[in-house]
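A closer look at the structure
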Amino acid sequence: RIWANAHSGARYQHCSTRRQVRRKRTRAAGAGARATMPGRAQPIVEGADALDALRERGAKANREGQHTIVAMYSSVLGGVTRDPAFFAVPIDDHMATRGHAVFDTCNVGDGMAYGLDFHLDRLLRSAKQARMKLKRADWLGNTAEPKQQKERLRAIILDTIAATGRRDGVYCRYWLSAARGDFAVSPNKCVEGPNFYVAVHSTAVAPTKPKAGASKARTVVESTVSMPLKSKYLATLKSNNYMINALCAMEAQEKTGDPGSLGLQVDDRGYLAEFSIASVAVIGSDGVLRSPHPKRILRSTTVVRCMQLAREQLLPRGQLRGVEYADITLNDAYEATEVLQLGGGHVTAVVKLNGHVIAGGKPGPIATALAELVDRESVDSAFAERIPYERYEGRDIGVTRPPSRL
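These notes cover the structure that comes with them.

Our next topic: empty space enclosed by the protein. Applying the stated rule across the entire model yields three cavities of 30 Å³ or more. Space inside the largest cavity adds up to approximately 70 Å³. Lining of the largest cavity is provided by N107, Y114, F118, H119, T301, T302, R305, C306, G344, G345 and V374. Of all the secondary structure elements, the ones that give two or more residues to the lining of the largest cavity are α4 (116–129) and α8 (301–317). Element by element, the count of residues in the lining of the largest cavity is highest for α8, at four residues. Looking at the lining of the largest cavity, its residues break down into four nonpolar, six polar and one charged. What lines the second largest cavity is S279, S291, P292, P294, I297, L298, R299, S300, V303 and Y325. When its residues are assigned to classes, the lining of the second largest cavity shows six nonpolar, three polar and one charged.

Printed below as a string of structure tokens:
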């Protein structure tokens, strides 16, 4: 009867009242859920109440967390959303139930996306190793052609970044999951194919940021850790299986007291392997930059670029005498003129390792030079792609399907 009321003010007032009551009921149910004692039934939250709870708690968690998500693409939704209520992955996605997913990242700076091309190449290699059947994905156009798959993924990622309107201060992560729809160990009987999720969030880099006019290289205090290496197959595949990585970082942070510590793993032969989410490199007293062989560890795109830049820029200037992959002992690191942490498109100087001060406790000349070269390359090179912000200017999007570029 009230919905049929011809007086619009009364109708809107009633709507407002209903929303207020629903919010109070949702908050009360949420508080009850957190304080539920044995023997008391859990509240059932559905429909509008569930949506209100997601919006209220999702927004709070997103706002108060270390990283604030600005926009997300979900192939489940079929588009981009900026509503925190939908920054989620279905519980029956094999990404959640089995960790059967691969992921990669993209730096954003000055309105450009850095390294997307070689990161997508690695993502697709990882997806192949993870036996994902991308041709079953309707959001990819059910194509089996790798070039088309790559371009569709590129379009979705760039559009999701563009929907944020942010040209700096954000970072992009994206995941391919095997499928959703059941809780079996294999996704072979799932009705739909793989899903894709993209999250663009504010940056919160833990290592100490440089002051204006100082070296662009960040600094961090590090420690070796006791956690074993992953098997070669999992180590060379950028999958969601990051339990060991997380434990490495937690152990290192407890040892050093530095919230940016990642933890350095050493293999069973006594050679340096990698940090939990970055690679390691050292500059010896002979002037040679060395990094561990990428045979049993993830092939770092940042290491590949830094080595290339070192060969092209630092060797001709006489700042280095060589660049190579090699076995590196812990003692080599202690005696090195510099120790570098390379990952995520950043160069970080390790100023202390297991209590040993490196390079006088500040970024050395190679860390400084490489950080400047990578920083410049990220916004002005063939590896920097323009983000199409004009597609979303002036648009108030809730859930919007990105325009196809195929």
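Here the focus is the pairing of strand β14 (residues 346–353). Counted residue by residue, β14 has six buried out of eight residues, so it is predominantly covered. Pairing between strand β7 (residues 218–222) and β14: five bridges, direction parallel. Paired with V221 across the strands is K352, a residue of β14. Pairing of strand β13 (residues 338–343) with β14 involves four bridges; the strand directions are antiparallel. Looking at the pairing, L340 lines up with A349 of β14. The loop that links β13 with its antiparallel partner β14 comprises two residues; one of these, G344, has a positive phi angle of about 65°. The pairing of β14 with strand β15 (residues 356–357) spans two bridges and is antiparallel. Along β15, the bridge assignment pairs L353 with H356. Linkage of β14 to β15, two consecutive antiparallel strands, is achieved through a turn of two residues, within which N354 is found at a positive phi near 50°.

The rules behind these values
Residues numbered from 1 in each chain as written. Predicted model: local features only at pLDDT ≥ 70, side-chain atom pairs only at ≥ 80, totals over all residues. Heavy atoms only, no water. 1 Å grid on protein atoms, 1.4 Å probe; cavity = no way out; pocket = protein on both sides within 12 Å on 5 of 7 lines; lining within 4 Å. Points joined across faces, edges and corners; volume = space filled by probe spheres on them. Helix = DSSP H or I, 4+ residues; strand = E, 2+ residues; numbered from the N terminus. Nonpolar A, V, L, I, M, F, W, Y, C, P; charged D, E, K, R; others polar. Buried < 20%, exposed > 50% of the residue type's maximum accessible area, 1.4 Å probe, protein only. Pairing = 2+ DSSP bridges.

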